[in-house]
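Chain residues, written in single-letter form:
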Amino acid sequence: MVCIAAFIVLCVMSVFVGLLALIRPDIGAKYWVTFKKSWGCIAKRVRLQKCETNFKEDIKNTLLARFIIRRPKLVKPLTVLIEVMAILIVAVTIWSIAEVAKGGLSLWIFGTCNVSRPSACVIGQSEVCGIDQEAPSGAVGHVSRWFSDWGAVITGIPDRIRRWDARHYFPQNATFWSYEEGRPYALDIFDSGCPACLASFRNKQRSGFFDRHNATHIPYVIVNPVTGEDTFPNSRLVSSYITALRLQHGAIAADDNPVPLDWRIIERMFTEHNEAGVNYQAFIKSIEADEAKTLLESWLFDFGVHPDDIQHIRTLAMSDTVADRLLTYRHIVEDRINANVIPTTIFGGRRHAGIYE
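Residues numbered from 1 in each chain as written. Predicted model: local features only at pLDDT ≥ 70, side-chain atom pairs only at ≥ 80, totals over all residues. Heavy atoms only, no water.

Chemist: What exactly am I supposed to notice about a nonpolar patch on the surface here?
Modeler: The grouping of Val80, Val84 and Leu88 at the surface amounts to a nonpolar patch, some 250 Å² of accessible area in total. Inspection of the secondary structure puts Val80 in helix α4 (residues 75–110). (Patch = residues over 30% accessible without salt bridge, like charges linked within 9 Å, V, L, I, M, F, W, Y side chains within 5 Å. Areas by Shrake-Rupley, 256 points an atom, 1.4 Å probe, with all protein chains shown as cover. Salt bridge = Lys/Arg side-chain N within 4 Å of Asp/Glu carboxyl O. Helix = DSSP H or I, 4+ residues; strand = E, 2+ residues; numbered from the N terminus.)

Have a look at this one:
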């Protein structure tokens, strides 16, 4: 174990010694001799052969040289300490490599380097809103979570490489921004309060994504796993109105705009601003629920919806029917699509996590 730990330490030191060797070549030459010995010892160990160079004893003697004469009584406990430190160095190195591998695979599969707590991943935080799981408690809980994360990574590899068909996950009463026979299908999963969803929607609109695809959507509500409350204020309210409009698509008269009313609510929320110049997504998150209802219903009135129909939509949005539908959406997103971050988009035979570029 000592020779493995020494090799790890020497590998880390090689970066600094390499720079120092430019000034002091003699130091680089001595280091290189020691490094070759450690590599030879490791190579022997990998082949289950005895380390002929006795590198382990050389390392110990080097570290204990000052104590052998001055404090011989400390030699034995220090020898034990060296063995313990070697075990810790090797264990930490193995754990670090496993963590890097898990994080890299998670980023490739799910779009986040942390499977169970995507919001804790510092890589690309501005590009996603994480669907976090409840934090584990105690040492046993953390160990269990570590292995469960690895399980999610391993089982997620087939999802990353298989071909996805967006139509398999379409919700009932799906509405499309625009529809044309022969176009490829797409599914857009978003949370109305997620800033990354705003950026993703704008990118799709600017690039003509909705005109090239028969795209439908799933409004998903991200929940804080600790408090059980919605992460973004009024997100569930907006999703309820959007879902109610979807359920009544074609049954409510509006102006001549061919885009369905639920999509028009999404578009205004993500792309337009109020009189004070505040984007509607941010504004809705800053007001009370009753004010948000009034705002959404004023938009419907702007779209040419009759006041009686607006009253009907309000009642439906607050009903158990819509609440059950939102639970169905959650099941599709979490259990069938296995999404870890929002936004998630399915198109082109793949599941894409994060902002649409």
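From this point on, the discussion continues.
Chemist: What is the right way to look at the pairing of strand β5 (residues 344–347) in this model?
Modeler: Consecutive residues of a regular strand have side chains that alternate between opposite faces of the sheet. Both faces of β5 are covered, namely the face carrying Thr344 and Ile346 and the face carrying Thr345 and Phe347. As paired elements, strand β2 (residues 185–190) and β5 share three bridges and run antiparallel to each other. Among the inter-strand pairings, Ile189 is bridged to a residue of β5, identified as Thr344. Where β5 and strand β6 (residues 350–353) come together, four bridges link them in antiparallel fashion. (Buried < 20%, exposed > 50% of the residue type's maximum accessible area, 1.4 Å probe, protein only. Pairing = 2+ DSSP bridges.)

Chemist: Explanation requested: the nonpolar core in the structure shown.
Modeler: Counting 65 residues, the largest nonpolar core has Leu187, Trp299 and Ile337 as its most contacted members. Per-element accounting of this core gives the leading share, seven residues, to helix α8 (residues 235–247). For Leu187, the residues in contact, after removing those within four places along its chain, are Ala166, Tyr169, Phe170, Pro171, Thr216, His217, Ile218, Ile337, Thr344, Thr345 and Ile346. Of all hydrophobic cores here, the second largest spans five residues; its members include Ile109, Phe110, Trp150 and Val153. (Core = buried A, V, L, I, M, F, W, Y, C linked by side-chain atoms within 4.5 Å. Contact = heavy atoms within 4.5 Å.)

Chemist: Could you clarify how one ought to interpret the packing of aromatic side chains in this entry?
Modeler: What characterises a pair of aromatic rings is the spacing of the ring centres plus the angle enclosed by the ring planes. On inspection of all chains with the given rule, the structure shows 18 aromatic pairs. Measuring from ring centre to ring centre gives 5.8 Å for Trp177 and Trp263, while their planes differ by 90°; the resulting arrangement is edge-to-face. Placement of Trp177 in the loop between α5 (138–161) and β2 and of Trp263 in helix α9 (residues 261–271) is noted, with a sequence separation of 86 residues between them. Each member of the pair, Trp177 as well as Trp263, carries the same accessibility label: buried. Summarising the aromatic geometry, the rings of Phe210 and Trp263 are spaced 5.3 Å apart at their centres and angled 65° between planes, so their arrangement reads as edge-to-face. Note that Phe210 is positioned in helix α7 (residues 209–212) and Trp263 in helix α9, a separation of 53 residues in sequence. A residue is classified by how much of its surface remains accessible, and Phe210, at 2% relative accessible area, is buried. Of the aromatic side chains, those joined through ring pairs into one cluster are Trp177, Phe190, Phe201, Phe209, Phe210, Trp263, Phe270, Phe347 and Tyr356. (Phe/Tyr/Trp six-rings, centres within 6.5 Å; stacked < 30°, edge-to-face > 60°.)

Chemist: What's the story with the state of the cysteines in this structure? I'm lost.
Modeler: Throughout this description, disulfide means a covalent bond between two cysteine sulfur atoms. Here the structure, examined in full by the defined rule, presents one disulfide. What pairs with Cys129 in a disulfide is Cys194, and their sulfur atoms sit 2.1 Å apart. Sign of the S-S torsion, about 95° for the bond between Cys129 and Cys194, identifies this disulfide as right-handed. A residue pair is termed long-range when its members are at least 10 positions apart, and Cys129 in strand β1 (residues 129–130) and Cys194 in the loop between β2 and α6 (195–207) qualify at 65 residues. No difference in accessibility class separates Cys129 from Cys194, as the two residues are buried. Here Cys197 stays free of any disulfide, with the sulfur of Cys194 as its closest cysteine sulfur at 3.6 Å. (Disulfide = S-S within 2.5 Å.)

Chemist: What is the right way to read the confidence of the model for the protein chain from this model?
Modeler: Low pLDDT marks regions whose predicted coordinates should not be analysed in detail. Within the protein chain, residue pLDDT values average 81, and 74% of them lie at 70 or more. In the model, residues 15–19 has pLDDT below 50 throughout and makes two contacts with residues more than four positions away in sequence or in other chains. (pLDDT = per-residue confidence, 0-100.)

Chemist: Honestly, the environment of Cys121 in this entry has me stumped. Any pointers?
Modeler: Within the secondary structure, Cys121 sits in the loop between α4 and β1. With relative accessibility at 2%, the residue Cys121 sits in the buried group. Sequence-wise, Cys121 and Leu107 are 14 residues apart; in three dimensions their C-alpha atoms are separated by 9.4 Å.

Chemist: How should unusual backbone geometry be read in this particular structure?
Modeler: Leaving glycine out, the prevailing phi sign among residues is negative, and the prevailing peptide bond configuration is trans. Residues Ile342 and Pro343 are joined by a peptide bond in cis, for which omega reads 5°. The phi dihedral of Asn234 is positive, around 65°, even though this residue is not glycine. Looking at the secondary structure, you find Asn234 in the loop between β3 (214–219) and α8. Residue Asn338 is not a glycine yet carries a positive backbone phi of 55°. Relative to the elements of secondary structure, Asn338 occurs in the loop between α13 (320–336) and β4 (341–342). Under the relative-accessibility criterion, Asn338 is labelled partly exposed at 29%.

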